[in-house]
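As a plain string of letters, each chain reads:
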Amino acid sequence: MGYPLSMRLWRGDRDGGALQDFTVEVEEGEVVLDAIHRVQATQAGDLAVRWNCKAGKCGSCSAEINGRSRLMCMTRLSDFGHEDVITVTPLRAFPVVRDLVTDVSYNYVKARELPAFAPTPPDADGKRRMMQQDVERGQEFRKCIECFLCQNTCHVIRDHEENKPAFAGPRFFLRYAELDMHPLDTHDRRELAQSAAGIGLCNITKCCTEVCPENIKITDNAIIPMKERVVDRKYDPLVWLGTKIRRRDDRTEL
Amino acid sequence: MATGVFGPERASVEARTLRPDRWWLPPLTTFVVFAAFIVYSTWRAFSGDDYYAAPYISPFYSPCLTDNCVEGSNDFGSPIGWWGLSPALIILIFPLGFRLSCYYYRKAYYRAFWLSPPACSVAEPHSKYTGETRFPLIFQNIHRWFLYAAAVVALILTYDVVLAFRDENEDWGHMGLGTVILLANVVLIWLYTLSCHSCRHVIGGRLRNFSRHPVRYKAWTLVSRLNRNHPQWAWLSLFSVALADFYVYLLATGAFDDPRFF
């Protein structure tokens, strides 16, 4: 059974814009992206919207739906009442390009600042080996689809543009954690996480975890462990004393 | 110049948030409950009275280490005998510091008291933000030291529960409603303490190589299981510690008689 859905879509660019009202016929079982495509096909042919897989795996159709950071393709219309008005805006933490499309290049700049995986030399037979429990630890982090919803909702940059140069954001703390927990990685990423990535700016209010469409426990499993690793290195006199007495950083033994 | 979501490059939307749900309810609830606990615990900590009703001692006052402790309440002697204020003030600083620097409580009070942010995707009112990089919030990094101190306090509270199986004449084989309340309280306090993120890190999280440390890996998986419910233990133990103290207060003031099971 179809029904008319009331929507408010943000339209405009950096010079200005506003929410515009649309009413579009939708069907049971559809998602927000379907409704937007129908608006585009029937009422606003020049509506700009970024999308690709329609399966929640490419991370392209990130937007704010009723003020919350969500993937348009994974937000079911059945989550709302037939009388509800659905408001869709572009991501509000990044510069708008046009309509529902934003410039997320900040995230690619931050990705380039993060040193790549630097593994130990291979074993004598030319292979590198890891035990299963060490492999499993990083699996959760590799579910990230880079939709940047966590980056968008993080108030450190969302509400404070001036923090962008100093702060990498939750998506990249995930990557720092994944590599710092990797038994074959040779970098010590604790210093970088604090200085270059600005993990001290995070006040662990967990919005990144709340919006993650892959249900990655970003705060509990990546950010807090990285903060604790920074504490190991910088704020824990017992660990410091241990490294002085043994005259080596115990990272290689861990 | 406008910044944040109102910055010149962002999509121009006048509202601080477009969320139609009651996003303000969780921070408001946290604010009211925490504020009530602060008022109650401040009153009880400074009162210096009605904290011992043999064989029960209030968790706010254990261990009682000063000369002005009520007779029978100082199981560990009076090593800080010169202290003239309420004996609770010496002890409470450790569990208080543990909870203030706790990763869950930080989230809760940053949202509820400092509105930084009040809720996800709701613009915060502050024009500047430096997170936990400067004084005083940089001291949140010493959470693990409070963990160690809080673990010692939890051990002492466990000892108090053992003593609560003695009656007022110090004969074993007693159990009253107070014993049950103190026991439930100490179980919740241990669950909260052991599920702490710093505990999870110290136990095994700091390792890079789980396979080389199978025992620590096993311990880490157990603590990780507890850690999933850390906020729940934080709330329940907050209520239980207040309830245990209030129960002892009722007994000490004679407002209530402890029902005895055996």
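Residues numbered from 1 in each chain as written. Chains lettered and ligands numbered in written order. Predicted model: local features only at pLDDT ≥ 70, side-chain atom pairs only at ≥ 80, totals over all residues. Heavy atoms only, no water.

Side note on the overall build of chain A
How we decide: Numbering of helices and strands runs from the N terminus, with a helix taken as a DSSP run of H or I at least four residues long and a strand as a DSSP run of E at least two residues long. Using a 1.4 Å probe on the protein chains alone, a residue whose accessible area is under 20% of its type maximum counts as buried, one over 50% counts as exposed, and one in between counts as partly exposed. In this description, contact between two residues means that some pair of their heavy atoms is separated by no more than 4.5 Å. In this tally, Lys and Arg are treated as positive and Asp and Glu as negative; His is ignored, and so are the chain termini. Here the site of a charge means atom NZ of a Lys, CZ of an Arg, CG of an Asp or CD of a Glu.
Tallying secondary structure elements over chain A gives 10 helices and 7 strands in all. By its C-alpha atoms, chain A is 70 × 40 × 30 Å across when sized along the principal axes. The buried share among the 254 residues of chain A stands at 56%. A fraction of 61% describes how many contacts in chain A between residues 6 or more apart in sequence connect residues 24 or more apart. Between the mean site of the 37 positive side-chain charges and the mean site of the 39 negative ones, chain A shows a separation of 6 Å.

Focus: the interface of chain B and chain A
The accessible area lost on association of the parts is a frequent measure of interface size. Let me state the cut-off plainly: The quantity reported as buried area is the accessible area (1.4 Å probe) lost by two parts once they are put together, taken as the sum for both. Every case where a carboxyl oxygen of Asp or Glu lies within 4 Å of a side-chain nitrogen of Lys or Arg is listed as a salt bridge. Between N or O atoms, a polar contact is any pair within 3.5 Å; within protein, one atom must be a potential hydrogen donor and the other a potential acceptor, and residues adjacent in sequence are included only when both atoms are from side chains.
On the chain A side, the residues contacting the 58 residues of chain B number 68 residues. Roughly 5400 Å² is buried in total at the junction of chain B and chain A, and carbon and sulfur atoms are behind 47% of that figure. Interface area lost by chain B to chain A is led by B:Arg10, B:Tyr129 and B:Arg208, which between them contribute 17%. Applying the counting criterion to the chain B and chain A interface returns 11 salt bridges. Salt-bridge contacts for A:Lys227 lead to B:Glu132; the nearest nitrogen and oxygen are separated by 2.8 Å. Viewed at the interface, chain A and chain B are joined by 42 residue pairs in polar contact (both at pLDDT 80 or more).

Things to note about a nonpolar patch on the surface
All names here are of chain B. Let me state the cut-off plainly: A residue counts toward a patch only above 30% relative accessible area and without a salt bridge, and it is joined to like-charged neighbours within 9 Å or, for Val, Leu, Ile, Met, Phe, Trp and Tyr, to nonpolar neighbours within 5 Å. Surface accessibility follows the Shrake-Rupley procedure with a 1.4 Å probe radius. Residue values consider only the protein chains on display as shielding.
Together, Trp24, Leu25, Leu28, Phe31, Val32, Ile38, Phe113 and Trp114 make up a nonpolar patch on the protein surface, roughly 760 Å² of accessible area in all. The topology assignment puts Trp114 in the loop between helix H3 (103-112) and helix H4 (143-163). On the basis of relative accessible area, Trp114 is assigned to the exposed category, the value being 53%.

Structural notes on the domain arrangement of chain A
Residue and element names in this part refer to chain A. Test applied: Domain boundaries shown here were taken from an automatic or database domain assignment. Basically, the charged four are Asp, Glu, Lys and Arg, the nonpolar ten are Ala, Val, Leu, Ile, Met, Phe, Trp, Tyr, Cys and Pro, and anything else, Gly included, counts as polar.
The assigned domain composition of chain A is domain 1 (3-102) and domain 2 (105-253). Distance between the C-alpha centres of domain 1 and domain 2: 32 Å. Each partner contributes residues to the interface: domain 1 has 15 residues there, and domain 2 has 15 residues. Roughly 1100 Å² is buried in total at the junction of domain 1 and domain 2, and carbon and sulfur atoms are behind 52% of that figure. On the domain 1 side of the interface with domain 2, the three residues burying the most area are Ser69, Ala93 and Phe94, jointly 46% of the side's total. Where domain 1 meets domain 2, there are 2 salt bridges. Salt-bridge contacts for Lys57 lead to Glu214; the nearest nitrogen and oxygen are separated by 2.7 Å. Secondary structure elements with two or more residues in the side of domain 1 that touches domain 2: strand E3 (62-65) and strand E4 (68-71). Tallied by class, residues from the side of domain 1 that touches domain 2 come to 7 nonpolar, 4 polar and 4 charged.

Things to note about the sheet that holds E4(A)
All names here are of chain A. The condition that has to hold: Only strands joined by at least two bridges in the DSSP assignment are considered to pair. To define axes, lines are fitted to C-alpha atoms, for helices over the stretch in contact only, and angles between the resulting N-to-C directions are given on a 0 to 180 degree scale.
What the 5 strands build is an open sheet, ordered E2-E1-E5-E3-E4; its pairing is mixed. The sheet terminates laterally at strand E2 (16-26) and E4, the two strands that pair on one side only. In this sheet, adjacent strand axes meet at a mean angle of 35° when their direction is disregarded. Where E3 lies against E4, 4 bridges are found, and the strand directions are antiparallel. Opposite Ala63, over in E4, you have Arg70 as the bridge partner.

Details of the confidence of the model for chain B
Filter applied, for reference: Per residue, pLDDT captures the predictor's confidence, and it can take any value from 0 to 100.
The predicted model of chain B averages 96 in pLDDT, with 100% of residues at 70 or higher. Interface scoring of the predicted complex returns ipTM 0.95; its pTM is 0.95.

Describing the environment of B:Pro27
All names here are of chain B. Residue position: Pro27 is located in helix H1 (residues 25-47). Under the relative-accessibility criterion, Pro27 is labelled buried at 12%. Among all residues touching Pro27, those that are not within four sequence positions of it are Arg111, Ala112 and Pro118.

So, the packing of helix H6 (residues 197-205) of chain B against helix H7 (residues 214-227) of chain B
Helix packing geometry: the angle between the two helix axes and the distance between the axes. Residues and elements named next belong to chain B. Which entries qualify depends on this criterion: Here roughly perpendicular refers to angles of 65 to 115 degrees, roughly parallel to angles under 35, roughly antiparallel to angles over 145, and oblique to all remaining angles. If you view the pair so one helix is near and one far, a crossing is left-handed when the near helix is turned anticlockwise from the far one by less than a right angle, and right-handed when it is turned clockwise.
Contact geometry for H6 and H7: axes closest at 8 Å, N-to-C directions at 165°. Taken together, the axes of H6 and H7 lie roughly antiparallel to each other. Here the hand of the crossing between H6 and H7 comes out left-handed. Contact residues: H6 offers His197, Cys199, Arg200, Val202, Ile203, Gly204 and Gly205, while H7 offers Arg216, Ala219, Trp220, Val223, Ser224 and Asn227. When the residues that make up the contact of H6 with H7 are grouped by side-chain class, the tally is 6 nonpolar, 5 polar and 2 charged.

Some details on the pattern of salt bridges
Enumeration according to the criterion identifies 36 salt bridges over all chains in this entry. One salt bridge connects A:Arg175 with A:Glu178, and the closest N-O pair in it is separated by 3.3 Å. Pair noted here: A:Arg175 and A:Glu178 are both in helix H6 (residues 170-180), with a separation of 3 residues, about one helical turn. Among the ionic contacts, a cluster of salt bridges with common partners joins A:Asp180, A:Asp185, A:Arg189, A:Arg229 and B:Arg208.

Topic: the pairing of E3(A)
Residue and element names in this part refer to chain A. Residues of E3 alternate between two faces, with Ser62 and Glu64 on one and Ala63 and Ile65 on the opposite face, all of them buried. Joining the antiparallel neighbours E3 and E4 is a turn of 2 residues, in which Asn66 adopts a positive phi near 50°. Relative to strand E5 (residues 85-89), E3 is paired through 2 bridges, and the arrangement is antiparallel. Residue pairing in the sheet places Ile65 in a bridge with Val88 of E5.

A look at the nonpolar core
In plain terms, the rule: Think of a nonpolar core as a cluster: buried Ala, Val, Leu, Ile, Met, Phe, Trp, Tyr and Cys residues, connected wherever their side-chain atoms sit within 4.5 Å.
Judged by nonpolar contacts, the single largest core of 69 residues is most densely connected at A:Leu5, A:Met7, A:Val32, A:Ile36, A:Met72, A:Val88 and A:Phe167. Structurally, this core is a two-domain feature, drawing no fewer than three residues from each of domain 1 (3-102) and domain 2 (105-253) of chain A. Residue contacts for A:Leu5: discarding those within four places in its chain leaves A:Phe22, A:Thr23, A:Val24, A:Val26, A:Ala35, A:Leu77, A:Asp84 and A:Ile86. Among the nonpolar cores identified, the runner-up in size contains 27 residues, and B:Val153, B:Val161, B:Ala242 and B:Leu251 belong to it.

With respect to the state of the cysteines
Test applied: The criterion for a disulfide is a pair of cysteine sulfur atoms lying within 2.5 Å.
By the definition in use, this model includes 2 disulfides over all chains. The residue that forms a disulfide with A:Cys207 is B:Cys120, at a sulfur-sulfur distance of 2.2 Å. With the S-S bond torsion at -95°, the cross-link from A:Cys207 to B:Cys120 turns out left-handed. Taken as a pair, A:Cys207 in helix H8 (residues 207-211) and B:Cys120 in the loop between H3 and H4 lie in two separate chains rather than in one. In this pair, the class of A:Cys207 matches that of B:Cys120, namely buried. Each disulfide pairs two cysteine sulfurs, and for B:Cys64 the partner residue is B:Cys69, the sulfurs being separated by 2.1 Å. Between B:Cys64 and B:Cys69 the sulfur-sulfur dihedral comes to about -100°; the bridge is accordingly left-handed. The same class applies to B:Cys64 as to B:Cys69, namely buried. Note on A:Cys53: no disulfide assigned, nearest cysteine sulfur contributed by A:Cys58 at a separation of 3.6 Å.

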